[in-house]
Amino acid sequence: MNEPVGLGALDSVLSRARTAAEEVTTAAELQRVETELLGKHGELTLVQRSLGSLDPEQRRHTGRRLNEVRRQVEEVLAERRLLLRAAERAQRLADERLDLTEVVGLRRRGRVHVVERTRQELEDVFVAMGFAVVEGPEVETDWHNFEALNIPPAHPARSMWDTLFLDLGPPESVVLRTHTSPVQIRLMQRQAPPVYAVMPGRCYRRDTPDARHIPTFHQIEGLVVDHGISFAELAGTIETFTTAYFGQDIHSRLRPSYFPFTEPSAEFEITCTICKGAGCRTCSNTGWIELGGCGMVDPAVFQAVGIDPEVWTGFAFGFGIDRCAQMRHELPDMRVLLENDVRILEQL
Ligand code: PHE
């Protein structure tokens, strides 16, 4: 005569699960129903907790029914989830559909991508200063990308570059270049000094994209090798480039740093173009933005390519082309450079 505790509650949970599953229209709503019924504080869990107070016979009976109901509720909700997901996917496809005839109708003209244009403008600045433009491969040997640059295997400095390896030859012997510095090596191998060259190109790192980093990016490398080159010429070159490219109110400064292939090394920063040095969020209130690295070519690098470091000295620098575009066009987020949304690209 006394109906085992919870059996009525169980039936009601099941029928409410069925109704709710039919009524919900989004995956988020369904999730809420699921938590209410099955969650840690859900109704089935409450019934489960009350099992302890039943006598053994009732407990067995109710327990069995509880398991059945839980399985059925899960099934009902899972089925509904599949349908909702399919519907949401179909909706998204419909929303993102591009009517290409509309674009053709607008007679939009193509234009050079802002990164490519930035590269051309940077090349122009350096060519005007007497530099040649040289290119190298994006797929590099470990030797060019690291070893010849004074970074032997397993050197801790390797962790400065999150490297993508290609499945080619012996393990980890072929990389997607992590910087343009290997082009220095290739150039010095085939051309005797004096050298005055810039080397632009695409680089790759295993980075998570954020407002100031993208995993496929561009650098421009500079290399000067001649008699009696000093740090003063490095600093002068960078300042000349900075004002020529960013304008007379933007300046550069060098701060001590470390790179295995230069000694001494520095990172160079420019006046924050957003706040003109006053301090803002983009520059973390310092008034300066880091653009790249530089330094005097390490004698070990000259030795790797057969140049006598007693006779020649030189400097090198490298910085991000995308970062330059970001600073010059005051882009809060660098990722737009990869998204290729014409509404944004047309403004740049
Ligand atoms: N290759 C360095 C980097 O990508 C930058 C650099 C270039 C530093 C040349 C010094 C000299 O981090």
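Residues numbered from 1 in each chain as written. Predicted model: local features only at pLDDT ≥ 70, side-chain atom pairs only at ≥ 80, totals over all residues. Heavy atoms only, no water.

Details of the overall build of the protein
Here comes step 1: Within the protein, the secondary structure is distributed over 13 helices and 9 strands.
Here comes step 2: A globule of 348 residues ought to have a C-alpha radius of gyration of about 20 Å, yet the protein, at 31 Å, is considerably larger.
Here comes step 3: Principal-axis analysis of the C-alpha atoms gives the protein an extent of 105 × 55 × 45 Å.
Here comes step 4: By the burial criterion, 43% of the 348 residues in the protein qualify as buried.
Here comes step 5: Here the contacts in the protein between residues at least 6 apart in sequence split such that 67% fall between residues at least 24 apart.
Here comes step 6: In the form shown here, the protein has an accessible surface area of approximately 19000 Å², with 52% of it arising from carbon and sulfur atoms.
Here comes step 7: Averaging the locations of the 39 positively and 51 negatively charged side chains of the protein gives two centres separated by 7 Å. (Helix = DSSP H or I, 4+ residues; strand = E, 2+ residues; numbered from the N terminus. Rg over C-alpha atoms; globule rule 2.2 N^0.38 Å. Buried < 20%, exposed > 50% of the residue type's maximum accessible area, 1.4 Å probe, protein only. Contact = heavy atoms within 4.5 Å. Areas by Shrake-Rupley, 256 points an atom, 1.4 Å probe, with all protein chains shown as cover. Lys, Arg positive; Asp, Glu negative; His and termini not counted. Charge placed at Lys NZ, Arg CZ, Asp CG, Glu CD.)

Let's talk about helix H4 (residues 56–96)
Because each turn of an α-helix spans 3.6 residues, side chains separated by three or four positions end up pointing in the same direction.
Here comes step 1: Between its terminal C-alpha atoms H4 stretches 59 Å, which fits the 60 Å expected from 41 residues at 1.5 Å a residue.
Here comes step 2: Of all the residues in H4, the buried ones are Gln58, Thr62, Gly63, Leu66, Val69, Arg70, Val73, Val76, Leu77 and Leu84.
Here comes step 3: For H4, the secondary structure elements touched by its buried residues are helix H1 (7–23), helix H2 (27–38) and helix H3 (43–50). (Expected span 1.5 Å × (residues − 1).)

A look at the sheet that holds strand E9 (residues 313–320)
Here comes step 1: With mixed pairing, 7 strands are arranged side by side in an open sheet as E1-E4-E5-E9-E8-E7-E6. At either margin of the open sheet sits one strand with a lone partner, and together these are strand E1 (132–133) and strand E6 (252–259).
Here comes step 2: Pairing between strand E7 (residues 262–271) and strand E8 (residues 288–297): 8 bridges, direction antiparallel. Looking across to E8, one finds that phenylalanine 268 is bridged to glycine 292. (Pairing = 2+ DSSP bridges.)

What about the domain arrangement of the protein?
Here comes step 1: Its domain assignment divides the protein into domain 1 (7–96) and domain 2 (114–345).
Here comes step 2: A separation of 57 Å is found between the C-alpha centroids of domain 1 and domain 2. (Domains from an automatic or database assignment.)

Overview of the nonpolar core
Here comes step 1: Ranked by size, the top nonpolar core spans 43 residues in total, and within it Phe241, Phe246, Phe317 and Phe319 carry the most contacts.
Here comes step 2: Excluding its chain neighbours within four sequence positions, the residues that come into contact with phenylalanine 241 are Leu122, Val125, Phe126, Met129, Phe246, Leu291, Phe319 and Cys324.
Here comes step 3: Residues Phe259, Phe261, Ile307 and Trp312 belong to the second largest nonpolar core, which totals 25 residues. (Core = buried A, V, L, I, M, F, W, Y, C linked by side-chain atoms within 4.5 Å.)

A word on the side chain of arginine 205
Here comes step 1: Structurally, arginine 205 can be placed in the loop between strand E4 (195–204) and strand E5 (216–226).
Here comes step 2: Despite its burial, arginine 205 remains without a salt bridge, the nearest opposite charge being carried by aspartate 207 at 5.3 Å.
Here comes step 3: Of the polar contacts made by the side chain of arginine 205, one reaches the backbone oxygen of threonine 178; its length is 2.9 Å.
Here comes step 4: Once residues within four sequence positions are removed from consideration, arginine 205 is found in contact with Met160, Trp161, Asp162, Leu164, Thr178, His179, Pro215, Phe217 and Gln219. (Salt bridge = Lys/Arg side-chain N within 4 Å of Asp/Glu carboxyl O. Polar contact = N/O pair within 3.5 Å; in protein donor to acceptor, adjacent residues only side chain to side chain.)

Digging into helix H9 (residues 231–246)
Here comes step 1: Over its 16 residues, H9 runs 22 Å from end to end, which matches the ideal 22 Å to within 8%, given 1.5 Å per residue.
Here comes step 2: Looking only at H9, the buried set comprises Leu234, Thr237, Ile238, Phe241, Thr242, Thr243, Tyr245 and Phe246.
Here comes step 3: On its buried face, H9 is in contact with helix H6 (114–128), E6, E7, E8, E9 and helix H11 (321–328).
Here comes step 4: The first or second residue beyond H9 is glycine 247, which carries a positive phi of 110°.

Things to note about the site of the ligand
Here comes step 1: Neighbouring the ligand are 14 residues, the closest being His179, Ser181, Arg205, Gln219 and Glu221.
Here comes step 2: Arginine 205 is positioned with one of its side-chain polar atoms (N or O) 3.0 Å from an oxygen atom of the ligand.
Here comes step 3: Within the complex, 94% of the 330 Å² of free accessible area of the ligand lies under protein.
Here comes step 4: At a threshold of 2 Å from the grid points, most atoms of the ligand map onto the largest pocket.
Here comes step 5: Every element with two or more residues in the shell around the ligand is listed here: E5, E8 and E9.
Here comes step 6: In terms of residue count, the dominant contributor to the shell around the ligand is E9 (3 residues). (Near = heavy atom within 4 Å. 1 Å grid on protein atoms, 1.4 Å probe; cavity = no way out; pocket = protein on both sides within 12 Å on 5 of 7 lines; lining within 4 Å. Sits in = over half its atoms within 2 Å of the grid points.)

Topic: the pattern of salt bridges
Here comes step 1: Tallying each qualifying case throughout the model produces 17 salt bridges.
Here comes step 2: Of the charged contacts in the structure, one is a salt bridge between arginine 65 and aspartate 11, with a shortest N-O distance of 2.9 Å. Of the two residues, arginine 65 is situated in helix H4 and aspartate 11 in helix H1; the sequence distance between them amounts to 54 residues.
Here comes step 3: Via salt bridges that share partners, Glu116, Arg119, Glu123 and Glu135 belong to a single interconnected network.

Overview of the environment of glutamate 330
Here comes step 1: Looking at where glutamate 330 falls in the secondary structure, it is placed in the loop between H11 and helix H12 (336–339).
Here comes step 2: For the pair formed by glutamate 330 and cysteine 272, sequence separation is 58 residues and the distance between their alpha carbons is 9.7 Å.
Here comes step 3: Ignoring sequence-local partners within four residues, the contact set of glutamate 330 consists of Thr273, Ile274, Lys276 and Ala325.

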